[in-house]
Amino acid sequence: MRALKNILITAVILTSCKSSDTQLVIMPAFPNLSFEYPVDIQFPDDNTNRLFVLSQPGVIYVFENRSDVASKKVFLDISSKVLYGGEQGLLGLAFHPYYKTNGYFYIDYTTDNPRRTIVSRFRVSADDPDKAEPSSETILLEVPQPYSNHNGGQIVFGGDGYLYISFGDGGSAGDPQNNAQNLQSLLGKILRIDVNNRQGNLNYSIPPDNSFAGNSNGYREEIYAYGLRNPWRFSFDKETNRLWAADVGQNTWEEIDLIEKGKNYGWRTMEGFHCYNPSHNCDTTGLTMPIWEYGHDVGYSITGGYVYRGSSAASLIGKYIYGDYGSGNIWALDYTNNTPQNTLLFPTVHNISTFGVDQNNELLFASYAQGKLYKIVEQTAVEQTENRETPSEIILKQNFPNLDRVRSSEFARLSPWTPIRDLVRDEVTRRAESSTGVWRPFNPNYAIGFETCPRHLVGGK
Ligand SMILES: [Ca+2]
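Remember, predicted model here, so these are calculated numbers, not experimental data. (Residues numbered from 1 in each chain as written. Predicted model: local features only at pLDDT ≥ 70, side-chain atom pairs only at ≥ 80, totals over all residues.)

Break down the overall build of the chain for me, citing the residues and quoting the values.
Tallying secondary structure elements over the chain gives 3 helices and 31 strands in all. Considering the chain as a whole, with its 461 residues, one finds that 44% of them fall into the buried category. Across the chain, the fraction of contacts at a sequence separation of at least 24, relative to all contacts at a separation of at least 6, is 58%. (Helix = DSSP H or I, 4+ residues; strand = E, 2+ residues; numbered from the N terminus. Buried ≥ 20, exposed ≤ 12 C-beta atoms within 10 Å, placed from the backbone. Contact = placed C-beta atoms within 7 Å.)

Take a look at the structure:
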């Protein structure tokens, strides 16, 4: 009897599962959580497995890094101080490398009267790790912003313990003040400061090996690299310590730069690999070219990501994962041996405002207008043998989903760009996946992540 049962089980598996392979999928990371205009995802190095998400109007939320987390808490609300709108708002968060002992974290936001960017330090509350102390603000930098756009806003501690800060060129279009090439301006730059020491009347000090430290030309000593238009998101590869920045382009080209100390990345003389101002025969002497660019046929506002160093998507390890706010595309750039190989991973419908990683280096991204976070994971794909009509919903053949043990996926065998609704129910029609309510273009790389060859069946009933 047992033997007969095993044969039946095997038959079920063979008919329902044709072949298996690994594939990358996008999944809602925290189906129960939504955020108003999320723009940054960070965590402190304190092994508490929490995530902190910035809502652009001026709130930092904190929650447990679990897919079934039910709620989030307000860590800090400075919306009354924040000038919000367009590219302005609360834009960046960085935890001090010794946050666990000193409780310090840093934020970057825009405010008004006059319009400016502030980079300041706050401290966590003494008696609640999920609350910041709102009165603890110490301002480090205040930089006037001539226009509302191109505020940069990413702040990240490097492996050297210094704080790196991105500033856009001040805005408008075409960098009318030529700020990015002006070494007396902090705009259009990536800065590097030492937050652990003070110098003169500064609430920080200049790292002595900054390229312009101690110069007598009036150049800003905070400058680490320049000639940038709007390096909205940048990150360090934790393994190589290389600084990867995505510089948002003007009219035609989006670019990825490997940022090195003292280098000039070309804006506004160049946009990507091309002359911008002047539009022909520009002088490229001393300019550092991007390692990759793409045109506005496949996107129009690059969102920098991370070199993937996690473990749940082996095929991505060592590749720079980035996306585009406008087109929703997500790519992987392999720069092995300094030779770029770019692969489109997913076309998506999301306004990708930022990527993030958790303490296990697993990759997340934020869908700005939708207010949800997504994760990119690798699954064992199991294809169905049966042919399907275009479904309005996908019904999973299992008794209940297990968000934490996703091993395979439901495929709908559709031609690319067939619209499906992102709604999944389990076999007894309970909603297994929160619906985005969005009719998304189906593509062969997109799968919905629950088991179709249920583990309980494989294991034998
Ligand atoms: Ca450039």
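Still more to cover.
Account for the nonpolar core, naming residues and giving values.
Soluble globular proteins tend to bury their nonpolar side chains together. Membership of the largest hydrophobic core comes to 100 residues, with the highest contact counts inside it found for I190 and I321. Contact partners of I190, with chain neighbours within four places excluded, come to Y164, I165, S166, Y224, A225, L228, P231, F234, A245 and I259. (Core = buried A, V, L, I, M, F, W, Y, C linked by C-beta atoms within 7 Å.)

Just give me the short version of the pairing of strand 22 (residues 330-334), but keep the residues and values in it.
Bridge count for strand 21 (residues 320-324) against strand 22 is 4 bridges, and the pairing is antiparallel. Its bridge partner being in strand 22, I321 is matched across the sheet by A332. Connecting strand 21 to the next strand, strand 22, in antiparallel fashion are 5 residues, including G328 with a positive phi near 80 degrees. Direction of pairing for strand 22 relative to strand 23 (residues 341-346): antiparallel, over a ladder of 5 bridges. (Pairing = 2+ DSSP bridges.)

A description of the sheet that holds strand 12 (residues 189-193) should follow, citing residues and the corresponding values.
As summarised here, the arrangement of the 4 strands in space is 10-11-12-13, forming an open sheet in which the pairing is antiparallel. Each edge of the open sheet carries a strand with a single partner, namely strand 10 (155-157) and strand 13 (223-226). Going across the sheet, the axis of each strand differs from the next one's by a mean of 20 degrees, ignoring polarity. As defined by bridge partners, strand 10 adjoins strand 11 (residues 163-167) across 3 bridges and the pair is classed as antiparallel. Counted as the bridge partner of F157 is L163 from strand 11. (Axes fitted to C-alpha atoms, helices over the stretch in contact; angles between N-to-C directions.)

Mind laying out unusual backbone geometry, listing which residues take part and the relevant values?
Cis geometry is found at the peptide bond from W267 to R268, where omega equals 10 degrees. Positionally, R268 belongs in the loop between strand 16 (253-259) and strand 17 (270-271). Looking along the chain, the bond that leaves N277 and enters P278 is cis, with omega of 5 degrees. Within the element layout of this structure, P278 appears in the loop between strand 18 (274-275) and strand 19 (292-295). Although it is not a glycine, N113 sits at a positive phi angle of roughly 55 degrees. Structurally, the position occupied by N113 is in the loop between strand 7 (104-111) and strand 8 (116-124). Even without a glycine there, the phi angle at N241 is positive, about 65 degrees. Residue placement: N241 occurs in the loop between strand 14 (233-236) and strand 15 (243-247).

Outline the sheet that holds strand 6 (residues 90-95), supporting the account with residue identities and numerical values.
The strand order 6-7-8-9 describes an open sheet built from 4 strands, whose pairing is antiparallel. Where the open sheet ends on each side, the last strands, each with one partner, are strand 6 and strand 9 (132-144). Taken pair by pair, the neighbouring strands of this sheet meet at an average axis angle of 20 degrees, ignoring direction. As paired elements, strand 6 and strand 7 share 5 bridges and run antiparallel to each other. When the sheet's bridge partners are listed, L90 is paired in strand 7 with Y109.

How would you summarise the pairing of strand 21 if you had to cite specific residues and measurements?
Taken across its 5 residues, strand 21 has 5 buried, putting it largely inside the fold. The side-chain alternation of strand 21 yields two buried faces, one formed by Y320, Y322 and D324 and the other by I321 and G323. Here 4 bridges tie strand 20 (residues 302-307) to strand 21, and the two strands are oriented antiparallel to one another. In the sheet register, I302 faces strand 21, and the bridge partner there is D324.

Give me the lowdown on the environment of D130, citing residues and values where you can.
Along the chain, the position of D130 falls in the loop between strand 8 and strand 9. The spacing of D130 and Y61 is 69 residues in sequence and 8.8 Å in space, taken between C-alpha atoms.

So yeah, pure geometry; function would need other evidence.
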